[in-house]
Amino acid sequence: MKKRIAVLAGDGIGKEVTRGAVEILRAIGERFGHQFSFSYGHIGGGAVDELGTPLPDETLDLCKESDAVLLGAVGGPQWDRLPVHLRPEQGLLKIRKELGLYANLRPTLYYSSLAEASPLKREVIEEVDLLMVRELTGGLYFGKPSERMKQDGQDVVVDTLFYQKAEMTRVIKLAFELAKNRRGHVTSVDKANVLESSRMWREVAEEVGQQYPEVTLEHMLVDNAAMQMVRNPKQFDVVVTENMFGDILSDEASVLTGSLGMLPSASISEKGPYLYEPIHGSAPDIAGQNIANPLATILSVAMMLRVSFGLEQEAKAVETAVDEVLNSGFRTKDITSVETKLVTTTEMVEEVKATILDNETIQSIMGCYA
Ligand code: NAD
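Cut-off values and rules
Residues numbered from 1 in each chain as written. Predicted model: local features only at pLDDT ≥ 70, side-chain atom pairs only at ≥ 80, totals over all residues. Heavy atoms only, no water. Core = buried A, V, L, I, M, F, W, Y, C linked by side-chain atoms within 4.5 Å. Buried < 20%, exposed > 50% of the residue type's maximum accessible area, 1.4 Å probe, protein only. Contact = heavy atoms within 4.5 Å. Domains from an automatic or database assignment. Buried area = accessible area lost by both parts, 1.4 Å probe. Axes fitted to C-alpha atoms, helices over the stretch in contact; angles between N-to-C directions. Helix = DSSP H or I, 4+ residues; strand = E, 2+ residues; numbered from the N terminus. Parallel < 35°, antiparallel > 145°, perpendicular 65-115°, else oblique. Left-handed = near helix turned anticlockwise from the far one by under 90°. Nonpolar A, V, L, I, M, F, W, Y, C, P; charged D, E, K, R; others polar. Near = heavy atom within 4 Å. Polar contact = N/O pair within 3.5 Å; in protein donor to acceptor, adjacent residues only side chain to side chain. Areas by Shrake-Rupley, 256 points an atom, 1.4 Å probe, with all protein chains shown as cover. 1 Å grid on protein atoms, 1.4 Å probe; cavity = no way out; pocket = protein on both sides within 12 Å on 5 of 7 lines; lining within 4 Å. Points joined across faces, edges and corners; volume = space filled by probe spheres on them. Pairing = 2+ DSSP bridges.

## Side note on the nonpolar core
Counting 66 residues, the largest nonpolar core has Ile5, Phe36, Val133, Ile172, Leu305 and Val352 as its most contacted members. Residue contacts for Ile5: discarding those within four places in its chain leaves Leu25, Phe36, Ser37, Phe38, Ser39, Ser66, Ala68, Leu70, Met304 and Phe309. Listed in part, the 18 residues of the second largest apolar core include Leu120, Ile125, Ala225 and Ala253.

## A look at the domain arrangement of the protein chain
In terms of domains, the protein chain is made up of domain 1 (1–107 + 263–370) and domain 2 (119–257). On the domain 2 side, the residues contacting the 14 residues of domain 1 number 20 residues. Of the roughly 1,600 Å² buried at the junction of domain 1 and domain 2 (both faces included), carbon and sulfur atoms supply 63%. Considering only the surface of domain 1 that becomes buried against domain 2, Lys97, Tyr102 and Arg106 emerge as the three largest contributors, covering 39% of it.

## Observations concerning the packing of helix 8 (residues 222–231) against helix 9 (residues 243–257)
Working note: a packed helix pair is described by the angle between its axes plus the distance between those axes. Where helix 8 meets helix 9, the axes come as close as 9 Å, and the angle between the chain directions of the two elements is 10°. By the angle class used here, helix 8 and helix 9 are roughly parallel. With respect to the hand of their crossing, helix 8 and helix 9 are arranged in right-handed fashion. Side by side, helix 8 and helix 9 meet where Val222, Ala225, Ala226, Met229 and Val230 of the first sit next to Phe245, Leu249, Glu252, Ala253 and Leu256 of the second. Residue composition of the contact of helix 8 with helix 9, by class: nine nonpolar, no polar and one charged.

## So, the site of the ligand
Neighbouring the ligand are 20 residues, the closest being Glu89, Gly281, Ala283, Asp285 and Asn293. At 3.2 Å, a side-chain N or O of His280 approaches a nitrogen atom of the ligand. Compared with its free state, where it exposes 810 Å², the ligand has 68% of that area covered by protein.

## Observations concerning the environment of Ala315
Tracing the chain through its elements places Ala315 in helix 11 (residues 312–327). Ala315 gets classed as buried once you look at its relative accessible area, which sits at 0%. When the C-alpha atoms of Ala315 and Leu305 are compared, they prove to be 5.4 Å apart, with ten residues separating the residues in sequence. If sequence neighbours within four positions are ignored, Ala315 has contacts with Ala302, Leu305 and Arg306.

## Quick look at empty space enclosed by the protein
Summed over the entire model, instances satisfying the criterion amount to one cavity of 30 Å³ or more. Here the largest cavity is characterised by a volume of approximately 60 Å³. Around the largest cavity sit Leu161, Tyr163, Met168, Val189, Asp190, Leu195, Ser197, Ser198, Trp201, Glu242 and Phe245, which together line it. Those elements that place two or more of their residues in the lining of the largest cavity are strand 8 (185–190) and helix 7 (196–209). Counting residues per element, the lining of the largest cavity draws most heavily on helix 7, which supplies three residues. Class assignment for the residues of the lining of the largest cavity results in seven nonpolar, two polar and two charged.

## A short note on the sheet that holds strand 10 (residues 238–241)
The strands that make up a sheet are held in pairs by hydrogen bonds between backbone atoms, and each pair lies either parallel or antiparallel. One open sheet holds the ten strands; their spatial order is 2-1-3-12-11-4-5-10-8-9, and the pairing between them is mixed. Whereas interior strands pair on both sides, the edge strands pair on one side only; in this sheet they are strand 2 (35–40) and strand 9 (216–221). Taken pair by pair, the neighbouring strands of this sheet meet at an average axis angle of 25°, ignoring direction. Both strand 4 (residues 103–109) and strand 11 (residues 264–268) contribute to a ladder of three bridges, which runs antiparallel. Note on strand 11: the bridge partner recorded for Leu105 is Ala266. Relative to strand 1 (residues 2–10), helix 3 (residues 57–64) is tilted by about 150°, and along the sheet it contacts strand 1, strand 2 and strand 3 (68–73). Most of the contacts of helix 6 (residues 165–180) go to strand 5 (residues 129–135), to which it runs at about 165°, and overall it touches strand 4, strand 5, strand 8, strand 9 and strand 10.

In C-alpha coordinates:
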(Lines give C-alpha, C1' and ligand atoms only; values in the text may rest on other atoms or scores of the structure.)
Protein backbone atom coordinates (compact mmCIF):
# COMPACT_ATOMS: atom_id res chain seq x y z
CA MET A 1 0.00 0.00 0.00
CA LYS A 2 1.20 3.55 -0.80
CA LYS A 3 0.16 6.44 1.46
CA ARG A 4 1.14 10.10 1.75
CA ILE A 5 1.37 11.48 5.26
CA ALA A 6 1.60 15.17 6.13
CA VAL A 7 3.73 15.70 9.24
CA LEU A 8 3.20 18.91 11.21
CA ALA A 9 5.66 18.67 14.09
CA GLY A 10 4.83 22.07 15.61
CA ASP A 11 6.61 23.37 18.70
CA GLY A 12 8.41 22.11 21.80
CA ILE A 13 8.28 18.34 22.25
CA GLY A 14 6.04 18.12 19.15
CA LYS A 15 9.25 17.86 17.10
CA GLU A 16 10.74 15.09 19.26
CA VAL A 17 7.64 12.90 19.43
CA THR A 18 6.67 13.18 15.75
CA ARG A 19 10.24 12.29 14.72
CA GLY A 20 9.85 9.10 16.74
CA ALA A 21 6.40 8.29 15.34
CA VAL A 22 7.66 8.69 11.75
CA GLU A 23 10.40 6.17 12.52
CA ILE A 24 7.76 3.74 13.73
CA LEU A 25 5.74 4.19 10.53
CA ARG A 26 8.91 3.54 8.51
CA ALA A 27 9.50 0.35 10.51
CA ILE A 28 5.92 -0.78 9.85
CA GLY A 29 6.38 -0.02 6.15
CA GLU A 30 9.57 -2.10 6.10
CA ARG A 31 8.09 -5.01 8.08
CA PHE A 32 4.76 -5.21 6.23
CA GLY A 33 5.79 -4.02 2.76
CA HIS A 34 4.07 -0.60 2.55
CA GLN A 35 5.35 2.67 1.12
CA PHE A 36 4.69 5.62 3.37
CA SER A 37 5.95 9.00 2.15
CA PHE A 38 6.25 12.00 4.46
CA SER A 39 5.90 15.71 3.66
CA TYR A 40 6.56 18.31 6.31
CA GLY A 41 4.58 21.50 7.01
CA HIS A 42 4.77 24.40 9.46
CA ILE A 43 2.21 25.05 12.18
CA GLY A 44 2.11 26.93 15.49
CA GLY A 45 4.69 29.29 16.99
CA GLY A 46 7.48 28.18 14.64
CA ALA A 47 5.23 29.01 11.68
CA VAL A 48 4.55 32.47 13.14
CA ASP A 49 8.29 33.10 13.49
CA GLU A 50 9.15 31.91 9.99
CA LEU A 51 6.09 32.80 7.94
CA GLY A 52 4.08 35.25 10.05
CA THR A 53 1.02 33.05 10.54
CA PRO A 54 0.24 30.03 12.78
CA LEU A 55 -1.25 28.10 9.84
CA PRO A 56 0.23 28.96 6.43
CA ASP A 57 -1.88 28.18 3.34
CA GLU A 58 0.88 25.85 2.09
CA THR A 59 0.41 23.70 5.20
CA LEU A 60 -3.31 23.50 4.64
CA ASP A 61 -2.83 22.57 0.97
CA LEU A 62 -0.31 19.91 1.96
CA CYS A 63 -2.80 18.38 4.41
CA LYS A 64 -5.62 18.38 1.86
CA GLU A 65 -3.41 16.53 -0.65
CA SER A 66 -2.38 13.88 1.91
CA ASP A 67 -4.02 10.62 3.01
CA ALA A 68 -3.56 11.43 6.71
CA VAL A 69 -2.05 14.14 8.91
CA LEU A 70 0.27 13.57 11.87
CA LEU A 71 0.47 16.51 14.27
CA GLY A 72 2.81 17.03 17.24
CA ALA A 73 1.79 19.97 19.41
CA VAL A 74 1.87 23.76 19.30
CA GLY A 75 2.49 26.61 21.71
CA GLY A 76 5.00 27.97 24.16
CA PRO A 77 5.47 30.92 26.52
CA GLN A 78 7.41 32.96 23.92
CA TRP A 79 4.20 33.30 21.86
CA ASP A 80 1.75 33.86 24.73
CA ARG A 81 1.75 37.66 24.40
CA LEU A 82 1.09 37.83 20.66
CA PRO A 83 -2.24 39.22 19.39
CA VAL A 84 -4.95 36.53 19.37
CA HIS A 85 -4.84 35.90 15.59
CA LEU A 86 -1.11 35.11 15.80
CA ARG A 87 -1.27 32.75 18.78
CA PRO A 88 -0.11 29.19 17.96
CA GLU A 89 -3.41 27.71 19.21
CA GLN A 90 -5.21 29.63 16.43
CA GLY A 91 -3.35 27.38 14.00
CA LEU A 92 -4.89 24.35 15.70
CA LEU A 93 -8.41 25.76 15.73
CA LYS A 94 -8.10 26.79 12.08
CA ILE A 95 -6.82 23.42 10.87
CA ARG A 96 -9.72 21.68 12.65
CA LYS A 97 -12.23 24.03 11.02
CA GLU A 98 -10.64 23.98 7.56
CA LEU A 99 -10.34 20.19 7.43
CA GLY A 100 -13.85 19.81 8.93
CA LEU A 101 -12.50 17.68 11.81
CA TYR A 102 -15.75 17.56 13.74
CA ALA A 103 -14.99 14.72 16.16
CA ASN A 104 -11.97 13.91 18.27
CA LEU A 105 -11.69 10.30 19.43
CA ARG A 106 -9.62 9.75 22.55
CA PRO A 107 -9.31 6.17 23.79
CA THR A 108 -8.13 5.63 27.36
CA LEU A 109 -6.83 2.16 28.08
CA TYR A 110 -5.53 0.56 31.26
CA TYR A 111 -1.95 -0.72 31.08
CA SER A 112 -1.34 -3.07 33.98
CA SER A 113 2.41 -2.38 33.79
CA LEU A 114 1.71 1.35 34.37
CA ALA A 115 -0.71 1.02 37.29
CA GLU A 116 1.93 2.42 39.66
CA ALA A 117 2.30 5.58 37.54
CA SER A 118 -1.32 6.59 38.16
CA PRO A 119 -2.20 8.48 41.34
CA LEU A 120 -5.40 6.41 41.48
CA LYS A 121 -5.64 3.02 43.15
CA ARG A 122 -5.07 -0.03 40.97
CA GLU A 123 -8.56 -1.41 41.73
CA VAL A 124 -10.15 1.84 40.47
CA ILE A 125 -8.34 1.89 37.11
CA GLU A 126 -7.96 -1.85 36.46
CA GLU A 127 -9.54 -2.81 33.09
CA VAL A 128 -10.57 0.76 32.22
CA ASP A 129 -11.35 0.92 28.50
CA LEU A 130 -13.20 4.07 27.57
CA LEU A 131 -13.51 6.13 24.40
CA MET A 132 -14.10 9.85 24.65
CA VAL A 133 -15.81 11.40 21.62
CA ARG A 134 -15.40 15.16 21.75
CA GLU A 135 -17.16 17.59 19.41
CA LEU A 136 -14.30 19.60 17.88
CA THR A 137 -15.45 22.40 15.60
CA GLY A 138 -18.28 24.11 17.47
CA GLY A 139 -19.23 25.45 20.88
CA LEU A 140 -17.44 28.07 22.95
CA TYR A 141 -14.10 27.79 21.17
CA PHE A 142 -15.55 28.97 17.86
CA GLY A 143 -18.66 31.05 18.72
CA LYS A 144 -18.76 34.77 17.87
CA PRO A 145 -18.73 37.28 19.43
CA SER A 146 -15.73 36.45 21.59
CA GLU A 147 -14.43 39.79 22.79
CA ARG A 148 -13.99 42.38 25.49
CA MET A 149 -15.92 45.63 25.43
CA LYS A 150 -17.29 48.46 27.54
CA GLN A 151 -20.83 48.42 28.90
CA ASP A 152 -22.05 51.31 31.03
CA GLY A 153 -18.40 52.29 31.51
CA GLN A 154 -17.50 48.83 32.84
CA ASP A 155 -15.08 46.34 31.27
CA VAL A 156 -17.12 43.33 30.18
CA VAL A 157 -16.35 40.20 28.17
CA VAL A 158 -18.38 37.75 26.13
CA ASP A 159 -17.72 34.27 24.68
CA THR A 160 -20.45 32.59 22.65
CA LEU A 161 -21.59 28.97 22.83
CA PHE A 162 -23.18 28.30 19.44
CA TYR A 163 -24.20 24.96 17.91
CA GLN A 164 -26.27 23.95 14.93
CA LYS A 165 -28.46 20.93 15.61
CA ALA A 166 -26.77 19.15 12.68
CA GLU A 167 -23.36 19.54 14.37
CA MET A 168 -24.68 17.86 17.49
CA THR A 169 -26.41 15.10 15.55
CA ARG A 170 -23.37 13.99 13.50
CA VAL A 171 -21.01 13.67 16.48
CA ILE A 172 -23.59 11.91 18.66
CA LYS A 173 -24.40 9.55 15.80
CA LEU A 174 -20.70 8.74 15.46
CA ALA A 175 -20.57 7.90 19.18
CA PHE A 176 -23.48 5.46 18.80
CA GLU A 177 -21.86 3.85 15.75
CA LEU A 178 -18.64 3.34 17.72
CA ALA A 179 -20.53 1.99 20.73
CA LYS A 180 -22.18 -0.67 18.54
CA ASN A 181 -18.76 -2.28 18.06
CA ARG A 182 -17.78 -1.92 21.70
CA ARG A 183 -19.82 -2.62 24.84
CA GLY A 184 -22.97 -0.88 23.61
CA HIS A 185 -23.13 1.96 26.13
CA VAL A 186 -23.10 5.72 25.45
CA THR A 187 -22.79 8.31 28.21
CA SER A 188 -23.83 11.72 26.89
CA VAL A 189 -22.37 14.49 29.05
CA ASP A 190 -24.02 17.91 29.32
CA LYS A 191 -25.06 20.63 31.75
CA ALA A 192 -28.77 20.44 30.97
CA ASN A 193 -29.78 21.73 34.40
CA VAL A 194 -28.32 25.15 33.52
CA LEU A 195 -27.51 25.58 29.82
CA GLU A 196 -30.01 25.80 26.95
CA SER A 197 -27.37 24.40 24.57
CA SER A 198 -27.12 21.35 26.83
CA ARG A 199 -30.90 20.87 26.89
CA MET A 200 -30.84 20.77 23.09
CA TRP A 201 -27.82 18.41 23.19
CA ARG A 202 -29.81 16.05 25.44
CA GLU A 203 -32.84 16.12 23.13
CA VAL A 204 -30.63 15.32 20.14
CA ALA A 205 -28.96 12.46 22.03
CA GLU A 206 -32.44 11.03 22.77
CA GLU A 207 -33.47 11.40 19.13
CA VAL A 208 -30.32 9.71 17.80
CA GLY A 209 -30.51 7.04 20.52
CA GLN A 210 -33.92 5.91 19.19
CA GLN A 211 -32.19 4.77 16.00
CA TYR A 212 -29.88 2.50 18.04
CA PRO A 213 -32.07 0.26 20.22
CA GLU A 214 -29.09 -2.07 20.81
CA VAL A 215 -27.12 0.75 22.50
CA THR A 216 -27.93 2.00 26.00
CA LEU A 217 -27.97 5.79 26.40
CA GLU A 218 -27.26 7.45 29.72
CA HIS A 219 -27.17 11.22 30.40
CA MET A 220 -24.74 12.64 32.93
CA LEU A 221 -24.17 16.20 34.10
CA VAL A 222 -20.61 17.34 33.45
CA ASP A 223 -19.81 18.06 37.11
CA ASN A 224 -20.88 14.55 38.06
CA ALA A 225 -18.99 13.09 35.06
CA ALA A 226 -15.79 14.80 36.27
CA MET A 227 -16.26 13.12 39.64
CA GLN A 228 -17.25 9.70 38.23
CA MET A 229 -14.20 9.71 35.94
CA VAL A 230 -11.89 9.32 38.91
CA ARG A 231 -14.31 7.56 41.29
CA ASN A 232 -15.51 4.76 39.01
CA PRO A 233 -14.11 5.09 35.46
CA LYS A 234 -14.92 1.45 34.61
CA GLN A 235 -18.60 2.40 34.20
CA PHE A 236 -17.77 4.29 30.96
CA ASP A 237 -17.69 2.78 27.49
CA VAL A 238 -18.23 5.62 24.97
CA VAL A 239 -18.51 9.16 26.36
CA VAL A 240 -19.78 11.86 23.99
CA THR A 241 -19.79 15.54 24.77
CA GLU A 242 -19.44 19.05 23.39
CA ASN A 243 -16.13 20.77 22.73
CA MET A 244 -15.13 22.38 26.04
CA PHE A 245 -16.49 19.66 28.33
CA GLY A 246 -14.60 17.11 26.20
CA ASP A 247 -11.39 19.13 26.34
CA ILE A 248 -11.43 19.10 30.12
CA LEU A 249 -12.72 15.55 30.71
CA SER A 250 -10.24 13.96 28.32
CA ASP A 251 -7.26 15.52 30.11
CA GLU A 252 -8.74 14.24 33.35
CA ALA A 253 -9.00 10.77 31.79
CA SER A 254 -5.24 10.82 31.13
CA VAL A 255 -4.69 10.41 34.86
CA LEU A 256 -6.16 6.91 34.53
CA THR A 257 -3.22 5.81 32.37
CA GLY A 258 -0.61 7.57 34.46
CA SER A 259 0.54 10.29 32.04
CA LEU A 260 -0.59 12.68 29.33
CA GLY A 261 2.26 11.11 27.38
CA MET A 262 0.26 7.88 26.94
CA LEU A 263 -2.94 9.18 25.29
CA PRO A 264 -3.38 9.18 21.49
CA SER A 265 -6.20 10.75 19.49
CA ALA A 266 -7.79 10.77 16.05
CA SER A 267 -9.81 13.63 14.60
CA ILE A 268 -12.45 12.64 12.09
CA SER A 269 -14.04 14.58 9.22
CA GLU A 270 -16.78 13.66 6.78
CA LYS A 271 -14.46 13.34 3.76
CA GLY A 272 -10.92 12.99 5.16
CA PRO A 273 -8.03 13.33 5.54
CA TYR A 274 -8.16 12.57 9.26
CA LEU A 275 -5.68 14.04 11.71
CA TYR A 276 -3.78 12.12 14.41
CA GLU A 277 -2.08 13.69 17.42
CA PRO A 278 -1.16 13.01 21.04
CA ILE A 279 -3.51 14.76 23.45
CA HIS A 280 -0.69 16.53 25.26
CA GLY A 281 0.70 19.98 24.48
CA SER A 282 4.19 21.15 23.56
CA ALA A 283 5.47 20.74 27.16
CA PRO A 284 7.91 23.68 27.09
CA ASP A 285 9.19 22.64 30.54
CA ILE A 286 10.85 19.52 29.09
CA ALA A 287 11.29 20.46 25.41
CA GLY A 288 14.70 19.79 23.85
CA GLN A 289 15.81 17.46 26.65
CA ASN A 290 15.04 14.14 24.92
CA ILE A 291 12.95 13.02 27.90
CA ALA A 292 9.38 13.36 26.51
CA ASN A 293 7.26 10.24 26.30
CA PRO A 294 6.75 9.46 22.58
CA LEU A 295 4.17 6.69 23.16
CA ALA A 296 1.03 8.88 22.82
CA THR A 297 2.21 9.89 19.34
CA ILE A 298 3.25 6.34 18.47
CA LEU A 299 -0.18 5.08 19.58
CA SER A 300 -1.72 7.86 17.44
CA VAL A 301 -0.04 6.37 14.35
CA ALA A 302 -1.52 3.00 15.34
CA MET A 303 -4.92 4.73 15.15
CA MET A 304 -3.92 6.17 11.74
CA LEU A 305 -3.02 2.70 10.43
CA ARG A 306 -6.35 1.27 11.63
CA VAL A 307 -8.81 4.11 10.96
CA SER A 308 -7.42 5.87 7.86
CA PHE A 309 -5.66 2.97 6.11
CA GLY A 310 -7.68 -0.03 7.34
CA LEU A 311 -4.42 -1.77 8.35
CA GLU A 312 -5.59 -3.66 11.43
CA GLN A 313 -2.68 -6.05 11.87
CA GLU A 314 -0.15 -3.24 11.42
CA ALA A 315 -2.01 -1.17 14.06
CA LYS A 316 -2.02 -4.19 16.37
CA ALA A 317 1.71 -4.64 15.76
CA VAL A 318 2.39 -1.10 17.01
CA GLU A 319 0.13 -1.51 20.06
CA THR A 320 1.65 -4.89 20.91
CA ALA A 321 5.16 -3.51 20.57
CA VAL A 322 4.30 -0.66 22.97
CA ASP A 323 2.82 -3.17 25.42
CA GLU A 324 5.90 -5.39 25.23
CA VAL A 325 8.30 -2.52 25.75
CA LEU A 326 6.35 -1.39 28.82
CA ASN A 327 6.15 -4.96 30.13
CA SER A 328 9.94 -5.19 29.74
CA GLY A 329 10.21 -2.27 32.14
CA PHE A 330 11.31 0.55 29.82
CA ARG A 331 9.99 3.93 30.99
CA THR A 332 10.41 7.58 30.10
CA LYS A 333 10.66 9.93 33.06
CA ASP A 334 6.94 10.75 33.29
CA ILE A 335 5.97 7.09 33.90
CA THR A 336 9.02 5.84 35.72
CA SER A 337 8.84 4.11 39.11
CA VAL A 338 11.10 1.89 41.17
CA GLU A 339 12.51 -1.17 39.43
CA THR A 340 11.98 0.20 35.91
CA LYS A 341 14.56 1.11 33.27
CA LEU A 342 14.66 4.85 32.65
CA VAL A 343 15.11 5.66 28.94
CA THR A 344 15.21 8.78 26.78
CA THR A 345 12.71 9.63 24.03
CA THR A 346 14.98 8.25 21.32
CA GLU A 347 15.76 5.09 23.29
CA MET A 348 12.04 4.43 23.82
CA VAL A 349 11.45 4.82 20.06
CA GLU A 350 14.34 2.43 19.35
CA GLU A 351 12.85 -0.18 21.71
CA VAL A 352 9.42 -0.02 20.04
CA LYS A 353 11.02 -0.10 16.59
CA ALA A 354 13.21 -3.10 17.45
CA THR A 355 10.13 -4.95 18.74
CA ILE A 356 8.21 -4.22 15.52
CA LEU A 357 11.10 -5.46 13.43
CA ASP A 358 11.51 -8.54 15.63
CA ASN A 359 10.19 -11.48 13.70
CA GLU A 360 8.86 -13.57 16.56
CA THR A 361 6.65 -10.95 18.15
CA ILE A 362 5.12 -9.65 14.98
CA GLN A 363 4.94 -13.07 13.38
CA SER A 364 2.46 -14.12 16.07
CA ILE A 365 0.28 -11.09 15.29
CA MET A 366 0.47 -11.83 11.58
CA GLY A 367 -0.58 -15.39 12.43
CA CYS A 368 -3.74 -14.14 14.18
CA TYR A 369 -4.86 -12.37 11.01
CA ALA A 370 -3.75 -15.01 8.52
P1 NAD B 1 1.25 20.14 28.24
O2 NAD B 1 0.41 19.00 27.82
O3 NAD B 1 2.21 20.66 27.23
O4 NAD B 1 2.08 19.75 29.57
C5 NAD B 1 1.46 19.47 30.81
C6 NAD B 1 2.45 18.68 31.69
O7 NAD B 1 2.57 17.35 31.17
C8 NAD B 1 3.87 19.26 31.67
O9 NAD B 1 4.44 19.10 32.94
C10 NAD B 1 4.59 18.42 30.65
O11 NAD B 1 5.99 18.32 30.89
C12 NAD B 1 3.90 17.07 30.81
N13 NAD B 1 3.87 16.34 29.54
C14 NAD B 1 3.07 16.59 28.48
N15 NAD B 1 3.32 15.74 27.49
C16 NAD B 1 4.31 14.93 27.91
C17 NAD B 1 5.01 13.84 27.32
N18 NAD B 1 4.77 13.40 26.07
N19 NAD B 1 5.97 13.25 28.05
C20 NAD B 1 6.25 13.64 29.31
N21 NAD B 1 5.61 14.67 29.92
C22 NAD B 1 4.65 15.30 29.23
O23 NAD B 1 0.25 21.31 28.70
P24 NAD B 1 0.56 22.79 29.18
O25 NAD B 1 1.84 22.83 29.96
O26 NAD B 1 -0.69 23.25 29.80
O27 NAD B 1 0.75 23.63 27.83
C28 NAD B 1 2.02 23.89 27.23
C29 NAD B 1 1.78 24.51 25.85
O30 NAD B 1 1.15 23.54 25.00
C31 NAD B 1 0.84 25.72 25.88
O32 NAD B 1 1.35 26.67 24.98
C33 NAD B 1 -0.48 25.17 25.41
O34 NAD B 1 -1.29 26.14 24.78
C35 NAD B 1 -0.03 24.11 24.43
N36 NAD B 1 -0.99 23.02 24.21
C37 NAD B 1 -1.07 22.56 22.94
C38 NAD B 1 -1.89 21.48 22.66
C39 NAD B 1 -1.90 20.94 21.26
O40 NAD B 1 -1.03 21.29 20.48
N41 NAD B 1 -2.84 20.07 20.90
C42 NAD B 1 -2.64 20.88 23.67
C43 NAD B 1 -2.51 21.37 24.99
C44 NAD B 1 -1.68 22.44 25.24
